[in-house]
Amino acid sequence: MFEEQARKQVKLGLLIGEVLQSQKIRLDPARVERSLADLVSEYQDREGALRAYRSNRDVMRQIETLAPEEQAVDCLIGKAKVAEKPTTFTELMNFAERQ
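Residues numbered from 1 in each chain as written. Predicted model: local features only at pLDDT ≥ 70, side-chain atom pairs only at ≥ 80, totals over all residues. Heavy atoms only, no water.

**Q** Can you walk me through the packing of helix α1 (residues 2-22) against helix α4 (residues 57-79) in this structure?
**A** The N-to-C vectors of α1 and α4 enclose an angle of 80°; their axes lie 9 Å apart at closest approach. As far as their axial angle goes, α4 and α1 are roughly perpendicular. Within the contact between the two elements, α1 uses I16, V19 and L20 and α4 uses P68, E69, A72, V73 and L76. Looking at the contact of α1 with α4 residue by residue, the classes come out as 7 nonpolar, no polar and 1 charged. (Axes fitted to C-alpha atoms, helices over the stretch in contact; angles between N-to-C directions. Helix = DSSP H or I, 4+ residues; strand = E, 2+ residues; numbered from the N terminus. Parallel < 35°, antiparallel > 145°, perpendicular 65-115°, else oblique. Contact = heavy atoms within 4.5 Å. Nonpolar A, V, L, I, M, F, W, Y, C, P; charged D, E, K, R; others polar.)

Shown next, in the form of structure tokens:
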């Protein structure tokens, strides 16, 4: 089970990496700032929380890693062709069984 999950994570990482490279996606500082703003939005002392997050290199590294991944997903969604298909609730819930 863990091996299968690990394989999926590696495949996903490779796919995201390919999208980042092929679309020349780079870290967007504005997205990092929005992520930080979202993180501290619930704190009473937002400025203090913001300073704490910015001073924590591990947290910043995580945010800076996630931002381009989110950009890659946004890119893929923007290029996706979506077709609406009427379905019933039962058909939708049984989708996994047919796979």
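Now that the structure has been shown, we can carry on.
**Q** Looking at this structure, I do not really get the pattern of salt bridges. What am I missing?
**A** Pairs may arise between side chains of opposite charge once their charged atoms sit close together. For the structure on display, the rule yields 7 salt bridges. Measuring nitrogen to oxygen at the nearest pair gives 3.7 Å for the salt bridge that ties K8 to E4. Taken together, the residues K8 and E4, both in helix α1 and 4 residues apart, mark about one turn of the helix. One salt bridge in this structure joins D74 and R31, with 2.8 Å as the shortest N-O distance. Here D74, found in helix α4, pairs with R31, found in helix α2 (residues 29-40); they are 43 residues apart in sequence, far enough to count as distant. The partly exposed category is assigned to D74, whose relative accessible area is 39%. On the basis of relative accessibility, which here comes to 16%, the residue R31 falls in the buried class. Through salt bridges with shared partners, a single network forms among R31, E70 and D74. (Salt bridge = Lys/Arg side-chain N within 4 Å of Asp/Glu carboxyl O. Buried < 20%, exposed > 50% of the residue type's maximum accessible area, 1.4 Å probe, protein only.)

**Q** I keep staring at unusual backbone geometry and nothing clicks. Help me out?
**A** Peptide bonds are mostly trans, and most non-glycine residues show a negative phi. If you check the backbone angles, K24 has positive phi at about 55° while not being a glycine. Tracing the backbone through its elements, the reader meets K24 in the loop between α1 and α2. Residue class for K24 comes out exposed when judged on its relative accessible area of 65%.

**Q** I tried to follow the packing of aromatic side chains on my own but got confused; where do I start?
**A** The description of two aromatic rings rests on the distance between their centres and on the angle between their planes. For the coordinates displayed, the defined rule picks out 1 aromatic pair. A centroid spacing of 6.2 Å and a plane angle of 75° characterise the contact between Y43 and Y53, whose relative ring orientation is edge-to-face. One end of the pair, Y43, is in the loop between α2 and α3 (46-55); the other, Y53, is in helix α3, with 10 residues separating them in the sequence. The class for Y43 is partly exposed, based on a relative accessible area of 39%. (Phe/Tyr/Trp six-rings, centres within 6.5 Å; stacked < 30°, edge-to-face > 60°.)

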